[in-house]
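# Examining the three-dimensional arrangement
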Amino acid sequence: MQDIQPKTNENIQKIIQLIEHKEINAYEGYIYISLLVSKNSPDPRTKVGACIVDDNFKMLSHGFNDVPLGYKSYQNWNNRNYETDWINSKIPYVLHAERQAIINAFKKQIVLDKKQIFVTLFPCHECALEIIESGINRLYYYNDENEYFGESQKAAKKMFNPCGVVFEKIEIKDKYLVKKIEEEIKNG
Ligand SMILES: [Zn+2]
């Protein structure tokens, strides 16, 4: 499992407790936790977080976009020539948050059949393929706007419903969570 900073982890545990005590909406709570998880990504521009959760809203696994374990030499995050300089751009070196979460679950031998995944950004088609094949059948997302992956996200949307994965956009309306998000934006 990828490491999460201790302070972020403390915040995550607090939100999980609020969800358990039904003090906040579980769907909004896990979208917020995915946002906290995303903050661990080394990508300065696009930080994505994902959490896989069971029907009792127990967190099974998490992931954020990152280079693969052991490959820490990639520093070229600001090269955005994805098509003209693909080999030096981040595209081939980054494992997406959803796939990190799926792999982290498999490493713990967790069966993902009929589980739910919460993501900060709607998945690309490659993550969609793996979400479908993993058996996850519900996807909740915060945002689906991404300039590079627009077409890829469209393909993902085409696949999900016929393959039995329902998806829904979750807005954070809970006053406590809205305030937490505002605080984090202010503190960078
Ligand atoms: Zn992806």
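Here, every reference points to the structure presented above.
Below or above, wherever it landed, is the structure these notes cover.

Reading guide: rules and limits
Residues numbered from 1 in each chain as written. Predicted model: local features only at pLDDT ≥ 70, side-chain atom pairs only at ≥ 80, totals over all residues. Core = buried A, V, L, I, M, F, W, Y, C linked by C-beta atoms within 7 Å. Buried ≥ 20, exposed ≤ 12 C-beta atoms within 10 Å, placed from the backbone. Helix = DSSP H or I, 4+ residues; strand = E, 2+ residues; numbered from the N terminus. Contact = placed C-beta atoms within 7 Å. Pairing = 2+ DSSP bridges. Axes fitted to C-alpha atoms, helices over the stretch in contact; angles between N-to-C directions. Parallel < 35°, antiparallel > 145°, perpendicular 65-115°, else oblique. Nonpolar A, V, L, I, M, F, W, Y, C, P; charged D, E, K, R; others polar. Right-handed = clockwise from strand over helix to strand, strands pointing away.

This paragraph deals with the nonpolar core. Judged by nonpolar contacts, the single largest core of 38 residues is most densely connected at Cys51, Ile117, Phe118 and Val119. Elements represented by at least two residues in this core include exactly α1 (6-20), α2 (26-38), β1 (49-53), α3 (97-107), β3 (116-121), α4 (125-134) and β4 (138-143). With seven residues, the top contributor of residues to this core is α2. Those residues in contact with isoleucine 117, other than ones at most four positions away along the chain, are Ala50, Ile52, Glu98, Ala101, Ile131, Ile136 and Leu139.

A separate point is the pairing of strand β2 (residues 59-64). The pairing of β1 with β2 spans five bridges and is classified as antiparallel. Its bridge partner being in β2, cysteine 51 is matched across the sheet by histidine 62. Hairpin geometry of β1 and β2 is characterised by an intervening segment of five residues between the two adjacent antiparallel strands and by a positive phi of about 60° at phenylalanine 57.

A separate point is the packing of α1 against α2. Relative to each other, α1 and α2 sit at 175°, their axes nearing to 10 Å. In terms of orientation, α1 lies roughly antiparallel with respect to α2. Of the residues in α2, those in contact with Thr8, Asn11, Ile12, Ile15, Leu18 and Ile19 of α1 are Ala26, Gly29, Tyr32, Ile33 and Leu36. Tallied by class, the residues present in the contact of α1 with α2 amount to eight nonpolar, three polar and no charged.

This part takes up the pairing of β3. Most of β3 is tucked away, with six of its six residues classed as buried. Taken together, the four bridges between β1 and β3 define a ladder with antiparallel strand orientation. Looking across to β3, one finds that cysteine 51 is bridged to phenylalanine 118. Note that the unit made of β3, α4 and β4 has a crossover that is right-handed.

Inspection of the secondary structure puts lysine 169 in strand β5 (residues 166-169). A sequence separation of 91 residues divides lysine 169 from asparagine 78, and the C-alpha atoms of the two residues are 29 Å apart.

On to the packing of α4 against helix α5 (residues 150-160), then. Between α4 and α5, the shortest axis-to-axis distance is 8 Å and the interhelical angle comes to 25°. Relative to α5, α4 is oriented roughly parallel. Within the contact between the two elements, α4 uses His125, Ala128 and Ile132 and α5 uses Ser152, Ala155, Ala156, Met159 and Phe160. Class assignment of the residues belonging to the contact of α4 with α5 gives a composition of six nonpolar, two polar and no charged.

Along the chain, the position of asparagine 11 falls in helix α1. Separated by 106 residues in the primary sequence, asparagine 11 and isoleucine 117 have C-alpha atoms spaced 20 Å apart.

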